[in-house]
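Coordinate analysis (summary)
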Amino acid sequence: MDDPTFSPIRWNRRTLLGAAGGTALAAVLPPMAEATPEEADAAIREMFGDKPINEGRVWVKLPPIAENGNSVAIDITVDSPMSDDDHVRRIGIFSPRNPIATIAEFRLGPHAGRAQVSTRVRLAGTQTLRVIAEMSDGTLWAGKATTYVTLAACVIG
Amino acid sequence: MIRISAPDTAEMGEIVEVKAMIQHPMETGYRRDAKGDVIPRNIIKQFRCAYGGNTVFEATFFPGIAANPFLAFCLRATRTGPIEFSWTDQHGETWSETRQLTVS
Amino acid sequence: MKWALLIGALCLAGCNKPESTYARNSDVKAGDIKSGYAFLQDDTKALQDDDFANPGFLWVDRGKRLFETAETGASTCSTCHGAHGMPLKGVAAHYPKVDAKTGKLLNLEAAINLCREQHQGLEPLAYESDDLLGMTAYVASLSRGEPVSVDITGPAAKYYEEGRDYFFRRKGQFNLACSQCHNEHWGEKLRGDTISQGHGNAFPAYRLEWQDFGSLHRRLRDCDTGIRAEPQDYGSETYMAVELYLAKRAEGLAMESPGVRR
C-alpha cells in the first residue's frame, strides 16, 4: 500500500473523507461557547441595574417549534398606557443559551402609543428567552417564552 | 436594500404600525469559511426612527438578531411630518430612508 | 507486486461503482404532487405569505429597480418589457427553455444574461450575485401563482433525458440518487426535517439555513454536497438539464418565488 502508484487514489479518498468529516463536525459542534442562565442574569443586571424584577406585564410570543434557529419571530407586548407619565422606557431580550446573552435593547416612549415590538432572533438551540421591560417609574417587569429549535437534516456548513 | 412599511395618512391620535427591514448578513463572528478561517463579525448596531425630528424608537442590536433584520413597532400620529428610519453598522456607516406621514 | 496493486486499484475503483448505478424507477404520483411549502411549519409558511416581511422581497425590490434603471449606454429592461412591450407575466413558469438560435438550454438566469448581452450590450451578471438573483426573483415574481409548464419536446428532449439521468443516478459517498429521498421517501422524517418532494417552484428562494437568498443551483449544490457528491458549477449544463427535469416533474405546481424554505 506504500507504493506511490497508489497514492493519488488514497489521497483523493482521504481528502474527500476529511472534507466530509469536517463538514459534518462543523454542522454538529457549535463553534462557540454558550452563555449560561447566570450570564443572562448578569447581562440583565448590566443593562438595568440591581432593582427587583417583577414577573408580569410583559408578554412574549415565540413559535412553539422553530424550524431553524437562524430566524425566529418574536413578538413582545407590555401592559402600559404609554402615556407621558406612565410608559415603557426600555425593553431587553436575553438568552440563556446563545453565545452572547444580550440579543437586543429597544428604547421607546409615549410616542409609540402602544408598547409592542416584533423582530427576528437567532436561537442557538431550544431555550427560554427572557424579556425585561423598564417602566417610566423605574420598575422592572419580566416575561418569558420557550421555543423548541429543531435540527435540520442536511446542514451544509 | 431597505424595505419600509408605513401608512401615508393617519388620523390625529391614531396608533399606526410601522415595519422596517434591511438587507444585511448580520455576520455573528462565530462562523468559519470553507478554509476554516473565522468570518469577522459584521452587524448593524443601531436602528433609529425619528418622527417630525424627534427620536421615537431606538434599537441596539447584538449578533443574536437574525440576518436581514426586521422590526415592527408602533407610533402615535400627532402631526404631519417625515418619519426617518436609519441604520448604523459597527463601522459607523449609516443608511436611511424617509417616509412622509400626513395627519388629518 | 505492481500488477497486483494495479488490479487492487481497479477493484477499488470498481467498488465505487455499485452494480446498480441507478436507483430503482420511481415517481411521485400525479395526485400527490405537493410544493415544498406543504412541508413547512406554519411560521415559515406565514413568512413566505407576508409580502412585506418575506426577506426574499429585498431581492425582488433590487431586481425591480435594476429592471427600471438604465445602465450606462444601455436601454432599460422596461423599455422592451414595460407596460406596452412584451409583458413578462407568466413567462418564468415556462423556463428552462431551449434558445432557438443556439439550441442551448436556458434557465431564467441565463435568459436574463443573454438579453443583457444581445439587446443591451451589457456584460452578463455573475451567477449568484445579488443583482442576478434580484433580476431573476423580480421576473419570477411576475409569474407567482402561474402553473409550472415547460416544453420537453424537440430540441429540449435530450436535456430532459440528461436531467432525468442525473435525478436517478446514484452518486457521492452516500451513493444516493435524488429519487431515493424525493420520490421514495418524501413525507418521512430525516432528523428534524420532513423530506420534501424536491420541487424547484419556489426558487430563487430565501433559505433559513443560508440566512440568505439563493438560486435553485445553489440548492442543488447543497443537495449534492449533502450526499457527499461533487457539486456541479453554478449555471452548468448539467444543472440546467436537472432544472428542466424538475420543472417537468413539478408541472402544474404554482410558481412561488420569492419562496421561503428551511
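Residues numbered from 1 in each chain as written. Chains lettered and ligands numbered in written order. Predicted model: local features only at pLDDT ≥ 70, side-chain atom pairs only at ≥ 80, totals over all residues. Heavy atoms only, no water.

Residues and elements named next belong to chain C. Looking at the element boundaries, Asp99 is found in the loop between β1 (97-98) and β2 (105-106). The charged side chain of Asp99 is buried without a salt bridge, its nearest counter-charge being Lys101 at 6.5 Å. Reaching out from Asp99, the side chain makes a polar contact with the side chain of Thr102 at a distance of 2.7 Å. (Helix = DSSP H or I, 4+ residues; strand = E, 2+ residues; numbered from the N terminus. Buried < 20%, exposed > 50% of the residue type's maximum accessible area, 1.4 Å probe, protein only. Lys, Arg positive; Asp, Glu negative; His and termini not counted. Salt bridge = Lys/Arg side-chain N within 4 Å of Asp/Glu carboxyl O. Polar contact = N/O pair within 3.5 Å; in protein donor to acceptor, adjacent residues only side chain to side chain.)

Our next topic: the sheet that holds strand β7 (residues 116-121) of chain A. Pairing within the open sheet is antiparallel, and its 6 strands lie in the order β2(A)-β4(A)-β7(A)-β6(B)-β3(B)-β1(B). The open sheet has two edge strands, β2 (58-61) of chain A together with β1 (2-5) of chain B, and neither has a second partner. On average, each strand axis in the sheet is tilted by 15 degrees relative to the strand beside it, whichever way the strands run. By the bridge criterion, 6 bridges tie strand β4 (residues 72-78) of chain A to β7(A) in an arrangement that is antiparallel. When the bridges of β7(A) are listed, Val72(A) appears paired with Val121(A). Sheet contacts for helix α3 (residues 56-68) of chain C: β1 and β3 (15-22) of chain B; angle to β1(B), the most-contacted strand, approximately 105 degrees. (Pairing = 2+ DSSP bridges. Axes fitted to C-alpha atoms, helices over the stretch in contact; angles between N-to-C directions. Contact = heavy atoms within 4.5 Å.)

All right, on to the packing of aromatic side chains then. Residues and elements named next belong to chain B. Under the defined criterion, the tally for this structure stands at 18 aromatic pairs over all chains. Summarising the aromatic geometry, the rings of Phe47 and Phe73 are spaced 5.9 Å apart at their centres and angled 65 degrees between planes, so their arrangement reads as edge-to-face. Residue Phe47 is found in strand β4 (residues 44-51), and its partner Phe73 is found in strand β6 (residues 70-76); the two are separated by 26 residues along the sequence. On the numbers, 5.2 Å between centres and 65 degrees between planes, the contact of Phe47 with Trp87 is edge-to-face. Residue Phe47 is located in strand β4, and its partner Trp87 is located in strand β7 (residues 81-89); the two are separated by 40 residues in the primary sequence. (Phe/Tyr/Trp six-rings, centres within 6.5 Å; stacked < 30°, edge-to-face > 60°.)

Counted under the stated rule, the structure contains 24 salt bridges over all chains. Across the pair Arg130(A) and Asp41(A) runs a salt bridge whose closest N-O atoms are separated by 3.3 Å. Residue Arg130(A) is found in strand β8 (residues 127-135), and its partner Asp41(A) is found in helix α2 (residues 37-48); the two are separated by 89 residues along the sequence. Residue Asp41(A) is classed as partly exposed on the basis of its relative accessible area, which comes to 38%. Between Asp131(C) and Arg62(C) there is a salt bridge, and its shortest N-O distance comes to 3.4 Å. Residue Asp131(C) is found in helix α6 (residues 130-141), and its partner Arg62(C) is found in helix α3; the two are separated by 69 residues along the sequence. Asp131(C) sits in the partly exposed class, given a relative accessible area of 27%. We classify Arg62(C) as buried; its relative accessible area is 15%.

Okay, the interface of chain A and chain B next. Contact residues are listed per partner, giving 29 residues for chain A and 28 residues for chain B. Summing both partners gives a buried area of about 2,400 Å² for chain A against chain B, and 55% of it is carried by carbon and sulfur. Its largest share of buried area at the contact with chain B, chain A owes to His111(A), Arg120(A) and Arg122(A), together 28% of the area lost on that side. Our count for the chain A to chain B interface comes out at 0 salt bridges. Between the two partners, chain A and chain B, sit 14 residue pairs in polar contact (both at pLDDT 80 or more). Of all elements in the fold, only β6 (102-108) and β7 of chain A reach the threshold of two or more residues within the side of chain A that touches chain B. The element contributing the most residues to the side of chain A that touches chain B is β6(A), with 7 residues. Classifying every residue of the side of chain A that touches chain B by side-chain character gives 14 nonpolar, 10 polar and 5 charged. Sheet analysis places β7(A) next to β6(B), joined by 2 bridges and oriented antiparallel. (Buried area = accessible area lost by both parts, 1.4 Å probe. Nonpolar A, V, L, I, M, F, W, Y, C, P; charged D, E, K, R; others polar.)

Another point: the side chain of Arg90(A). All names here are of chain A. Within the fold, Arg90 resides in strand β5 (residues 88-94). When its relative accessible area of 13% is taken as the criterion, Arg90 is described as buried. A distance of 2.8 Å separates a polar side-chain atom of Arg90 from the backbone oxygen of Met47. The contact partners of Arg90, leaving out residues within four places of it in the chain, are Met47, Phe48, Glu105, Phe106, Arg107, Ile132, Ala133 and Glu134.

A few words now on the sheet that holds strand β5 (residues 205-207) of chain C. Across a sheet, strands are paired by hydrogen bonds formed along the backbone, either parallel or antiparallel in direction. Residue and element names in this part refer to chain C. Here 3 strands make up an open sheet; going across it, the order is β6-β5-β7 and the pairing mixed. The open sheet has two edge strands with one neighbour each: β6 (212-214) and β7 (259-261). The average undirected angle you get between the axes of adjacent strands in this sheet is 35 degrees. Bridge count for β5 against β6 is 3 bridges, and the pairing is antiparallel. Along β6, the bridge assignment pairs Arg207 with Asp212.

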